[in-house]
Amino acid sequence: AKALYVRTVLAILKRINTLLRGKSQQSFSPQPGADPRQQGNHVIHVVDLFGFEANEVNSMEQLCVNWVSEVLQQHFVHSLFTSTTLECREEGVEPLTESEVYDCTPCIELVGRQQEGLIHMMNQETLSPRVTSEDIRIRMRDSFGSSSCFVPSVGSSSAFAIRHYCGQVTYDLYSLLNANADTIADDIIATFSSKECKFGFVVHLFASELHNDIHRDGSPKGQMCRITPSSLQKASHSESPSTFVQDFQSGISEVLATLKPSKPLFVRCMKSNETQTPGHFDRVTVSHQIQQLLVFETLDLIQGEYIHSSTCGEFVCRYRMLAPNALNRLRGRPREIAEVWGCGCVLVPE
């Protein structure tokens, strides 16, 4: 049931994206003589995140949501606070305010660090069934015990905790490993072959597995397949199995690669109460979110910092009408010198 649901949703999303991509290519097709480097400047990306989850029992879904929340929170801090401070120092200008904000890097590194983080360890343990649960707990304590964001399990318990920027969350190790495997037996997939199943859409959902992992006569090979189709495995043409969290981490890397060169606008949403009761405003819940989302620090930054910043070339291009004669005399000069002197001409006209 889970495999059918996941693959149906992915198939619908793929079809929608295909249709939207076709329309966007028609709408923003480059004009004759247009600069191809400007083709991507008319695209708007919207990243919608559920938020932060801390339930009584937390598994893979909560770990993924909370880790992404950490990553995007750090992106927000860097885009708004860190970059502003560094830009002022590079320009030789003292920042009017320096807000101390929570650094999410230790938690991000704990979970997603290459070859050393929790995700890497989960992948190794998922693909190595000979390792016992006790070995995993000992390895986690040895690897992450020095991290300020990691709280190890006590005794034989499978629970461990991570200190996120929004609070401490306890996860169940067994649930994480089981969800990370994300596997389904190929004898179940064999029932969806064209010989056994007359519903063509379901056959389409498992087309790759039916072509590569099932015998030609429709009989299974006795191996495990992924519930969620692995785009990572297809892209690398690898025969070795991948895990759910590997695909998830790869997707997050693609999102960050898109966000970093963009000009972000942030919309911070808050819950009025924890019970989702309409018309009820809980002061404690809202106050906690205001602190965690850095609302006051953001307002201080906006009120006290140099919000508008542009390069010398952009500034001169926008305000050249204030000193046209002086700027005309700078023609023929090297571009860098002309832009810097041009700023002076605009700011202090003759």
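Just so you know, these numbers come straight off a predicted model, no measurement behind them. (Residues numbered from 1 in each chain as written. Predicted model: local features only at pLDDT ≥ 70, side-chain atom pairs only at ≥ 80, totals over all residues. Heavy atoms only, no water.)

1. A short note on the nonpolar core
Move 1: Leu 118, Met 140, Phe 160 and Ile 162 are the most contacted members of the largest nonpolar core, which has 34 residues in total.
Move 2: Elements that contribute at least two residues to this core include exactly helix H2 (60-90), helix H3 (105-112), helix H4 (118-126), helix H5 (133-144), strand E2 (159-164), strand E3 (167-172), helix H6 (173-181) and helix H11 (244-259).
Move 3: Broken down by element, this core gets its largest block of residues, 7 residues, from H2.
Move 4: Leaving out residues up to four positions away in the same chain, Ile 162 has contacts with Leu 63, Cys 107, Leu 110, Val 111, Leu 118, Cys 149, Gly 167, Gln 168, Val 169 and Tyr 171. (Core = buried A, V, L, I, M, F, W, Y, C linked by side-chain atoms within 4.5 Å. Buried < 20%, exposed > 50% of the residue type's maximum accessible area, 1.4 Å probe, protein only. Helix = DSSP H or I, 4+ residues; strand = E, 2+ residues; numbered from the N terminus. Contact = heavy atoms within 4.5 Å.)

2. Brief notes about the side chain of Asn 123
Move 1: Looking at the element boundaries, Asn 123 is found in helix H4.
Move 2: A polar contact is formed between the side chain of Asn 123 and the side chain of Asn 180, at a distance of 3.4 Å.
Move 3: In terms of polar contacts, Asn 123 uses its side chain to reach the side chain of Thr 243, at 2.5 Å.
Move 4: Those residues within four positions of Asn 123 in sequence are excluded, and the remaining contacts are Asn 180, Thr 243, Val 245 and Gln 246. (Polar contact = N/O pair within 3.5 Å; in protein donor to acceptor, adjacent residues only side chain to side chain.)

3. Describing the confidence of the model for the protein
Move 1: This prediction gives the protein a mean pLDDT of 77; 77% of its residues lie at or above 70.
Move 2: Model confidence for the protein, summarised as mean pLDDT per element, is weakest for helix H10 (residues 231-236) at 53 and strongest for strand E1 (residues 150-151) at 92.
Move 3: The model gives residues 26-40 a pLDDT under 50, and that stretch makes 2 contacts with residues more than four places away or in other chains. (pLDDT = per-residue confidence, 0-100.)

4. A few points about the pairing of E2
Move 1: Sheet topology note: the E1/E2 ladder contains 2 bridges and is antiparallel. When the sheet's bridge partners are listed, Phe 150 is paired in E2 with Ile 162.
Move 2: In this antiparallel pair of consecutive strands, E2 and E3, the connection spans 2 residues. (Pairing = 2+ DSSP bridges.)

5. Side note on the sheet that holds E3
Move 1: Sheet architecture is open: 3 strands sit in the order E1-E2-E3, paired in antiparallel fashion. The open sheet is flanked by E1 and E3, the only strands paired with a single partner.
Move 2: Contacts from H3 reach E1 and E2, with the element oriented near 145° to E2. (Axes fitted to C-alpha atoms, helices over the stretch in contact; angles between N-to-C directions.)

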